[in-house]
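Understanding the architecture of this molecule
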Amino acid sequence: MAAKGRKLPPRGPRSHVSATSTRYGDPYGTEGKALILGKVVLVTGVARTLGGRFVRRIIRDPEVDRVIGVDAVTPEHHLGGADFVRADIRQPTIAKVLAQYDVDTVVHMDVTGTPLGAGGRAVVKETNVIGTMQLLGACQKCPGIKRLVVKSSTSVYGSAPRDPAVFTETTPPKSLPSGGFAKDAVEVEGYVRGFARRRPDVAVCVLRFANILGPCADSPLADYFSLPVMPTVFGYDPRLQFVHEDDVIDVLRLAAHEPRRATLNSGTFNIAGDGVLLLSQCSRRLGRPTVPLLLPAVTWVGSALRTVGMTDFSPEQIRLLTHGRVVSTVQMRETLGFTPSYTTAETFADFARSRGPGLLPPEALAATVDRIAASPLVTRRTAASRPTVAGRGTHTTQSTQSAE
Amino acid sequence: MADAKVIPFDDDRSRAGAPRSSRRRPGAGGRRKGDPVAPVSPLPGQQSAEPALQDASQPATGAQGPAVGSGWEKRLAGGLAFLRRRVTGDYEVDEFGYDKELTDQVLMSLLRPLYDTYFRVEVKGIENIPSKGGALVVANHSGTLPLDGLMMQVAVHDNHPAGRHLRLLAADLVFMLPVVNELARKAGHTLACAEDAERLLTRGEVVGVMPEGFKGIGKPFSERYKLQRFGRGGFVSTALRAGVPIVPCSIVGAEEIYPMLGNAKTLARLLGVPYFPLTPTFPWLGPLGAVPLPTKWTIQFGEPIPTDGYPPEAAEDPMLMFNLTDQVREQIQHTLYKLLVQRRSVFF
């Protein structure tokens, strides 16, 4: 594959075609497609930061010949030499794009929780669900498709107190998400399963990402962590897992290429960093104070903030911040062969650095405690009593040994 | 003075040590709950040196002079380091939300007075919990409020020579209640479901389960110490799949802490709880009625029942499951009766 890629002449001219060039909006490009022999990757949702980053990264891979970015709006960032086709995946035009560029790999990243620019929840839902249906319909009609990668979310598991502590890929959710992005993701996955049944020759990979964080995260959860004072649900300390943006890009690339030796990259995989953080730990590491509110009040505050437009505090988000969610990443490691480079805690630290200090920075609190510890009252007394402490320590250990 | 103290202490130990009778004075051992039943036989050399060591340690606890001050300082320094980690969020929890540091430093210390001085829990057979690898501790459940689970956790935490932590499986109601669910998760409890139990056991944890569930804890006082049905025996197949031994555990004393004379079923249904206890004191005296009676407890861990000899498909064999469930149940019931016969009184 790599050799083929190097032989190809259109690499030069293609690199001039960028998002800002005049070619977008013109799906009927005139480049000689007969010359293209390597992989052609179509990526949806490239107007978002993550989609843009993924396109810029995957175009550098040697086995990839051509990357076509698709979105309904023109991206503000450059796409590193990829072709941008302005097409709405909710329209049947997408089938023409697929056929015209001889696409063999589709990476569907346009399953998101927040609207891009104008438009509300209705537009998001339509892009998620109708867009996926159209895209899958187009893929089904396109014989050249070899591989489909879908970005999903661990929110398909829902969050309920009756759930097991750790979800595996096969755990059935106790309570299906009733609305919002989580429900979209459930429906999208349902359509993808149907597609996989109808086109068994296509390798389908569904990646269920835990909460994606990183320096340029723009999810509702990132907005929540940016609030100066974080409202929390009184009496609950949810367990959260994060995955770093860099790992998202890497695992999407892994899924879009041929599987490496002894791994399998078709199927459904949970993607999350190692370890777990409690919400209380998150707030302390961010240095943002929390206001515990009773559950009904949280719902009320959430809807109030949503009306004002400060944060997208959907009911599903509130459930996550009440009961938390932890997924097992054994399949990701053993079957997919992916090891994330950031743990949950490291991802969060990277995110916290990008957001600046909160009202109660942890360093300041630590310094205060240190000052108390170093205060003359404490040090003098500890210093005076240190020999006694040591002496007594040995005695007690010995006497414990021989206590019985 | 020191000699005078050493001799009765040693004497008492030699008398009570071998048969390990049930009348171990809670005051005699001092506030340190060493490992009363740990089979650590001291070397001869150490034994001869013992009086001298007792000499040294006894005044430290008896004459509370400078030693207490220094201990206090040490604890202050430790406490400040702990505080520093807590306020900066610099501590670890596992995937179940178990906060080891908080459990060791705070939660266990909060339960210890109840364990040591209020219920005066006597622990027997702690060596039946293996020092490493998974084990499933199966216990009887009683007492209207699940204090028996918590006391069992403290018993393992404070007495096991290898410092093992008991991870309890709790009912879903625990994880629906605010505050309670948070504390339960931090103390290492998780939902009683096969997935969680298996995950913990394969990680090599000691898991505690009370298969009677609400039937056991909410049974009327008249049925005390009569084991209820053991669920559907799911715990046996989980232990079998993980290949870990089952340690039967009998708890005596928890039945009498809240003698449940009646059950206000309508009120329970209204509140969404499985039962609403009516004890001689509870709803009538208000919050004061929620104070448990200071009964004397005994927790006995029995001989482990190995499960690693069965073939992998045995977990699917219902007959074997029923037989093993019955075996565990019988053993717990038998030990309960034995402990009840030995018990002198409910309160002493």
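Residues numbered from 1 in each chain as written. Chains lettered and ligands numbered in written order. Predicted model: local features only at pLDDT ≥ 70, side-chain atom pairs only at ≥ 80, totals over all residues. Heavy atoms only, no water.

Remarks on the UniProt feature "domain: Phospholipid/glycerol acyltransferase" (unreviewed entry) in chain B
Inclusion rule: UniProt positions are given in the numbering used here, feature names are shortened, and annotations may be inferred rather than shown by experiment. By the criteria applied, helices consist of DSSP H or I runs no shorter than four residues and strands consist of E runs no shorter than two, each listed in order from the N terminus.
The UniProt entry lists residues 135-254 of chain B under the feature "domain: Phospholipid/glycerol acyltransferase" (unreviewed entry), expressed in the numbering used here. Between the C-alpha atoms that bound residues 135-254 of chain B the distance is 23 Å, and the span itself is 39% helix and 19% strand.

A closer look at empty space enclosed by the protein
What counts here: Buriedness for pockets is judged along seven lines, at least five of which must meet protein on both sides within 12 Å for an open set on the 1 Å grid over protein atoms alone, while cavities are sets there where a 1.4 Å probe fits but cannot get out, and lining residues have an atom within 4 Å of a point. Grid points are joined across faces, edges and corners, and a volume is the space filled by probe spheres set on the points. Residue polarity follows a fixed list, in which Ala, Val, Leu, Ile, Met, Phe, Trp, Tyr, Cys and Pro are nonpolar, Asp, Glu, Lys and Arg are charged, and the others, Gly among them, are polar.
The full count for this structure, using the stated rule, is 6 cavities of 30 Å³ or more. Computed from the structure, the largest cavity encloses a volume of approximately 180 Å³. Taken together, 21 residues make up the lining of the largest cavity; nearest its centre are A160, R239, H323 and G324 of chain A together with R185 of chain B. Residue assignment for the lining of the largest cavity shows that the elements contributing at least two residues are α11 (315-323) of chain A together with α7 (180-186) of chain B. By residue number, the principal contributor to the lining of the largest cavity is α7 of chain B, which donates 3 residues. Tallied by class, the residues present in the lining of the largest cavity amount to 9 nonpolar, 6 polar and 6 charged.

Considerations on the sheet that holds strand β1 (residues 122-124) of chain B
All names here are of chain B. The condition that has to hold: Strand pairing is assigned whenever DSSP detects at least two bridges linking the two strands. Whether two residues touch is decided by their heavy atoms; if any such pair falls within 4.5 Å, the residues are in contact. For every element, the axis is a line fit to its C-alpha atoms; helices are fit only across the contacting stretch, and the angle between N-to-C directions ranges from 0 to 180 degrees.
The mixed open sheet is built from 7 strands, whose spatial order is β1-β9-β6-β2-β5-β3-β4. The open sheet has two free edges, formed respectively by β1 and β4 (190-191), since each of these has just one partner strand. Bridge count for strand β6 (residues 246-252) against strand β9 (residues 298-301) is 4 bridges, and the pairing is antiparallel. The partner of V252 across the bridge, within β9, is T298. Packed onto the sheet, helix α5 (residues 147-159) meets β1, β2 (135-139), β3 (166-170), β5 (206-209), β6 and β9 and runs at close to 170° relative to β3. Packing against the sheet, helix α10 (residues 234-242) makes contact with β2, β5 and β6, and its axis sits at approximately 165° to β2.

Some words on the pattern of salt bridges
Residues and elements named next belong to chain A. So the rule is basically this: A pair is scored as a salt bridge if a Lys or Arg side-chain nitrogen falls within 4 Å of a carboxyl oxygen belonging to Asp or Glu. To sort residues, take the accessible area from a 1.4 Å probe on protein chains only and compare it with the maximum for the residue type: under 20% means buried, over 50% means exposed, and anything in between is partly exposed.
Under the definition given, this model contains 32 salt bridges over all chains. A salt bridge links D274 to R333; its shortest N-O distance comes to 2.3 Å. On the criterion of sequence distance, the pair formed by D274 in the loop between β11 (267-271) and β12 (277-278) and R333 in helix α12 (residues 330-334) is long-range, its members being 59 residues apart. D274 sits in the partly exposed class, given a relative accessible area of 34%.

Looking at the nonpolar core
Soluble globular proteins tend to pack their nonpolar side chains together in the buried interior. Note the cut-off: Here, the term nonpolar core denotes a set of buried Ala, Val, Leu, Ile, Met, Phe, Trp, Tyr and Cys residues that are joined through side-chain atoms within 4.5 Å.
Grouped together as the largest cluster of nonpolar side chains are 40 residues, with contacts concentrated most on V43, V67, V107, L207, F209, L252 and I271 of chain A. Among the elements that line this core, the one with the most residues is helix α8 (residues 245-256) of chain A, at 7 residues. Beyond its immediate chain neighbours, meaning those up to four positions away, F209 of chain A contacts K151, S152, S153, T154, V243, V248, V251, L252 and I271 of chain A. Counting residues in hydrophobic clusters, the runner-up holds 36 residues, among them V236, A239, I305 and V328 of chain B.

Describing the packing of aromatic side chains
The line we're drawing: Any pair of Phe, Tyr and Trp rings, taking the six-membered ring for Trp, is counted once the centres come within 6.5 Å. Such a pair is stacked with planes under 30 degrees apart, edge-to-face with planes over 60 apart, and tilted for the rest. Ring-over charges, as used throughout, are those where CZ of Arg or NZ of Lys falls within 6 Å of the ring centre and within 35 degrees of the ring normal.
As enumerated under the stated definition, the model contains 12 aromatic pairs over all chains in all. Between F348 of chain A and F351 of chain A, the ring centres sit 6.0 Å apart and the planes meet at 45°, which makes this aromatic pair tilted. Remark: F351 of chain A and F348 of chain A occur in helix α13 (residues 344-355); sequence separation between them is 3 residues, near one turn of the helix. A single burial state applies to F348 of chain A and to F351 of chain A, both of which are buried. Relative to F282 of chain B, the ring of F276 of chain B lies with its centre 5.8 Å away and its plane at 45°, an arrangement referred to as tilted. What makes F276 of chain B buried here is its relative accessible area of 16%. The rings of Y224, F225, F242, F348 and F351 of chain A are connected pair by pair, giving a single aromatic cluster. For R86 of chain B, the ring lying beneath its charged end belongs to Y91 of chain B, and the centroid distance is 3.6 Å. Against the face of F221 of chain B rests R224 of chain B, its NZ or CZ located 4.2 Å from the ring centre.

Here we look at the sheet that holds strand β2 (residues 64-71) of chain A
Residue and element names in this part refer to chain A. The strand order β3-β2-β1-β4-β5-β6-β11 describes an open sheet built from 7 strands, whose pairing is parallel. Looking along the sheet, the strands with just one partner apiece sit at the ends: β3 (83-86) and β11. Adjacent strand axes in the sheet meet at a mean angle of 20°, parallel and antiparallel pairs treated alike. Sheet topology places strand β5 (residues 147-153) next to strand β6 (residues 203-209); 7 bridges connect them, and they run parallel. By the bridge assignment for β6, V149 is matched with C205.

Section: the pairing of β6 of chain A
Side-chain direction in a regular strand flips from residue to residue, so the side chains alternate between the two faces of the sheet. All names here are of chain A. Of all 7 residues that make up β6, 7 are buried, and the element is covered over most of its length. Side-chain alternation along β6 places A203, C205, L207 and F209 on one buried face and V204, V206 and R208 on a second face that is also buried. Across 5 bridges, β6 lies against β11 in parallel orientation. Directly across from L207, in β11, lies its bridge partner F269.

A closer look at the pairing of β5 of chain A
Residue and element names in this part refer to chain A. Inclusion rule: By the criterion used throughout, a crossover qualifies as right-handed when its path from the first strand across the helix to the second strand runs clockwise, the strands pointing away from the viewer.
For β5, the tally of buried residues reaches 7 of 7 residues, placing the bulk of the element in the interior. Of the two faces of β5, both are covered, the one formed by R147, V149, K151 and S153 as well as the one formed by L148, V150 and S152. Relative to β5, strand β4 (residues 105-108) runs parallel, the two sharing 4 bridges. Across the sheet, H108 pairs through a bridge with V150, a residue of β5. Viewed along the sheet, the connection from β5 through helix α6 (residues 180-198) into β6 turns out right-handed.

Quick notes on the domain arrangement of chain B
Residue and element names in this part refer to chain B. Selection criterion: Residue ranges assigned to each domain were obtained from an automatic or database domain assignment. Two parts placed together each lose some accessible area; with a 1.4 Å probe, that loss summed over both constitutes the buried area. We call two N or O atoms a polar contact when they sit within 3.5 Å, provided that within protein one can donate a hydrogen and the other can accept it, with sequence-adjacent residues counted only if both atoms are side-chain atoms.
Domain boundaries in chain B define domain 1 (63-92) and domain 2 (100-257 + 292-342). Each partner contributes residues to the interface: domain 1 has 4 residues there, and domain 2 has 4 residues. Counting the surface lost from both domain 1 and domain 2, the interface buries some 380 Å², and carbon and sulfur atoms represent 47% of this. Per-residue buried area on domain 1 facing domain 2 is highest for F82, R85 and R86; these three make up 86% of the total on that side. Connecting domain 1 to domain 2 are 2 residue pairs in polar contact (both at pLDDT 80 or more). Looking at the side of domain 1 that touches domain 2 residue by residue, the classes come out as 2 nonpolar, no polar and 2 charged.

With respect to the side chain of T279 of chain B
Summarising the element assignment, T279 of chain B is placed in the loop between β8 (277-278) and α12 (282-285). At 2.7 Å, the side chain of T279 of chain B forms a polar contact with the backbone nitrogen of F282 of chain B.

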